[in-house]
Amino acid sequence: MVEGPGATRNGRKAQVLIGKVVSSSAPLYNPCHAPLVGCTLIEAFSVGKEVFMIFNDDTEDDVSSSETVMRLHFGMNGSFRTRKVANLEQQPPPSSTPHWKQNDLRLYFEDGNNPGNYTVAEAWDTTVNYPVSASSARDKFTNSSSRDVCSVLFNAQNVFTSLRQSGSRLNISDALLNQEIFPGVGNIIKIESLHRSKIDPRRMVNSITDIELRRLIRNARQYSMDWLQTGRAGTKLVYNQTVCGTCKGMTIKMQKIGGSSAADGNSSSNSISRVTFWCTSCQPFDPTSQGNSSGTISSTTAGSQGTILGRNPTLSNRTQPQCPQHGLRATKLSRVRKEGDNTLRIFFTCKMKSCQYFHWADGPFPSCQCEKKAVLRISKTEKSGGRWFLCCAGGGRGNNNNGCGHFTWATDDHLAPLSTLLTPLL
């Protein structure tokens, strides 16, 4: 998921287009955007995980009717960029074009001060809503900026009040991800800020003390601003890890949390079950060890014991395939994402882009009844979250059936060759 820091950076990219006019001579990628031709971009800003671009049509006399808005939401893997071109036929370098993504937006802007020069705005794997009300976009900015985790107008007290008033009956994981309460916070920010604040992600907001809640808000803000400044998420102490980066113990649990965690048992309209990681040592189930006697846990996860992530230390001592040119440190484990006969299979490859090393990593795996290699997946349920299993590839992503139905829990013999390269979200 593209979180607040990424959306904020994309909003800043869009701001370089302010004052430029959508070209009437350039090719129009989406006919639905035809009304934008000849319009000038007058505003661009981000709110949480969204970017709004406000255009003005100078041919309209009525200011209110001359403004039109485009909304961008980047979902899980969306991206946005601007690039300058000297002519309309100039194409981007092949290496800079994410060929595996769906192009959803391409607009050419003319620079009035430099005729013949264009700036292209492009977005991939992005939800583009057009037209959107200008007043609603501005109202959202006005009402949410003080709680936006990456905003220069951020006010920690406003977030604290919103969590206490609007999120008091929610699970803290749901409350943090609620974009009406804390815009811009995504799953990584949620997980890492909860860990740094030593709060179990299954607790209810109304069980968290004021001191804990203020510390949580402060950690979420700090992690987000560091991410915004560098362009990369900070150190992940528990997210997608098997060993806690704080206590160094194999004490990390993983499961889906949220979606129906209100104190009254009803699902929040803004909540969704998300994979969550936490350390059972640093974020104890019973917070009394941290000096807090109010450790109420969400009823939907209270009875869950989950599975501790991590593998038998002896497994890492076994022989593992590695890049013959660059060695074990440059070797990584990947999964086939392209649809086809090998979808979801895992393989060893090299981190060096110029290296052609490739080796299937599923040699010890059995074949299913479809006569294909079973694929390795990880459980995200309450009872067995974090435990690896082998299943038919026919029951993979976007598939509501289970293929031939093959299922077996992975054993040490299956996992041994993968060693420490195996991560939960592979």
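Everything below is about the structure printed above this text.
In this text, all values refer to a predicted model and were calculated from it rather than measured experimentally.

(A) A look at the sheet that holds strand β15 (residues 388-391). Reading across from one edge, β14-β15-β16 is the order of the 3 strands in this open sheet, with antiparallel pairing throughout. At either margin of the open sheet sits one strand with a lone partner, and together these are β14 (375-378) and β16 (407-409). With direction set aside, neighbouring strand axes in the sheet form an average angle of 30°. Pairing between β14 and β15: 4 bridges, direction antiparallel. Across the sheet, residue Arg 377 finds its bridge partner in β15, namely Phe 389.

(B) Quick peek at the packing of helix α4 (residues 156-166) against helix α7 (residues 210-230). Look at α4 against α7: their axes get within 10 Å of each other, and the N-to-C directions meet at 125°. Classified by the interaxial angle, the pair formed by α4 and α7 is oblique. When the axes of α4 and α7 are compared, the crossing they make is right-handed. Seen from α4, the contacting residues are Ala 156, Gln 157, Val 159, Phe 160, Leu 163 and Arg 164; seen from α7, they are Asp 210, Leu 213, Arg 214 and Ile 217.

(C) Examining the sheet that holds strand β12 (residues 346-350) more closely. Ordered in space as β11-β12-β13, the 3 strands form an open sheet in which the pairing is antiparallel. What marks the edges here is a single partner per strand, and that holds for β11 (331-335) and β13 (358-360). Sheet twist, expressed as the mean angle between neighbouring strand axes with direction ignored, is 30°. Pairing between β11 and β12: 5 bridges, direction antiparallel.

(D) Spotlight on the pattern of salt bridges. Under the counting rule described, the total for this entry stands at 12 salt bridges. Taking the shortest distance from any N to any O, the salt bridge between Arg 164 and Asp 210 comes out at 2.8 Å. Linking Arg 164 in helix α4 with Asp 210 in helix α7, this pair joins segments that are 46 residues apart in sequence. According to the relative accessible area criterion, Asp 210 is partly exposed, its value standing at 42%. A salt bridge links Arg 202 to Asp 200; the nearest nitrogen and oxygen atoms lie 2.8 Å apart. With relative accessibility at 2%, the residue Arg 202 sits in the buried group. In this structure, a network of salt bridges that share partners links the residues Arg 81, Arg 83, Arg 106 and Glu 122.

(E) Representation of the nonpolar core within the structure. Grouped together as the largest cluster of nonpolar side chains are 59 residues, with contacts concentrated most on Phe 182, Ile 217, Phe 277, Leu 333, Leu 376, Leu 418 and Leu 422. Here the element with the most residues in this core is α7; it accounts for 7 residues. In contact with Leu 418, not counting residues within four places along its chain, are Gln 320, Leu 333, Ile 346, Phe 348, Ala 361, Phe 365 and Leu 376. Core analysis: the next-biggest nonpolar cluster, separate from the first, contains 22 residues, Phe 74, Leu 107, Phe 109 and Ala 123 among them.

(F) Up close: a positive patch on the surface. A cluster of basic residues, Arg 329, Lys 332, Lys 351 and Lys 353, forms a positive patch at the surface. Note that Lys 351 resides in the loop between β12 and β13.

Definitions and cut-offs
Residues numbered from 1 in each chain as written. Predicted model: local features only at pLDDT ≥ 70, side-chain atom pairs only at ≥ 80, totals over all residues. Heavy atoms only, no water. Pairing = 2+ DSSP bridges. Helix = DSSP H or I, 4+ residues; strand = E, 2+ residues; numbered from the N terminus. Axes fitted to C-alpha atoms, helices over the stretch in contact; angles between N-to-C directions. Parallel < 35°, antiparallel > 145°, perpendicular 65-115°, else oblique. Left-handed = near helix turned anticlockwise from the far one by under 90°. Contact = heavy atoms within 4.5 Å. Salt bridge = Lys/Arg side-chain N within 4 Å of Asp/Glu carboxyl O. Buried < 20%, exposed > 50% of the residue type's maximum accessible area, 1.4 Å probe, protein only. Core = buried A, V, L, I, M, F, W, Y, C linked by side-chain atoms within 4.5 Å. Patch = residues over 30% accessible without salt bridge, like charges linked within 9 Å, V, L, I, M, F, W, Y side chains within 5 Å. Areas by Shrake-Rupley, 256 points an atom, 1.4 Å probe, with all protein chains shown as cover. Lys, Arg positive; Asp, Glu negative; His and termini not counted. Charge placed at Lys NZ, Arg CZ, Asp CG, Glu CD.

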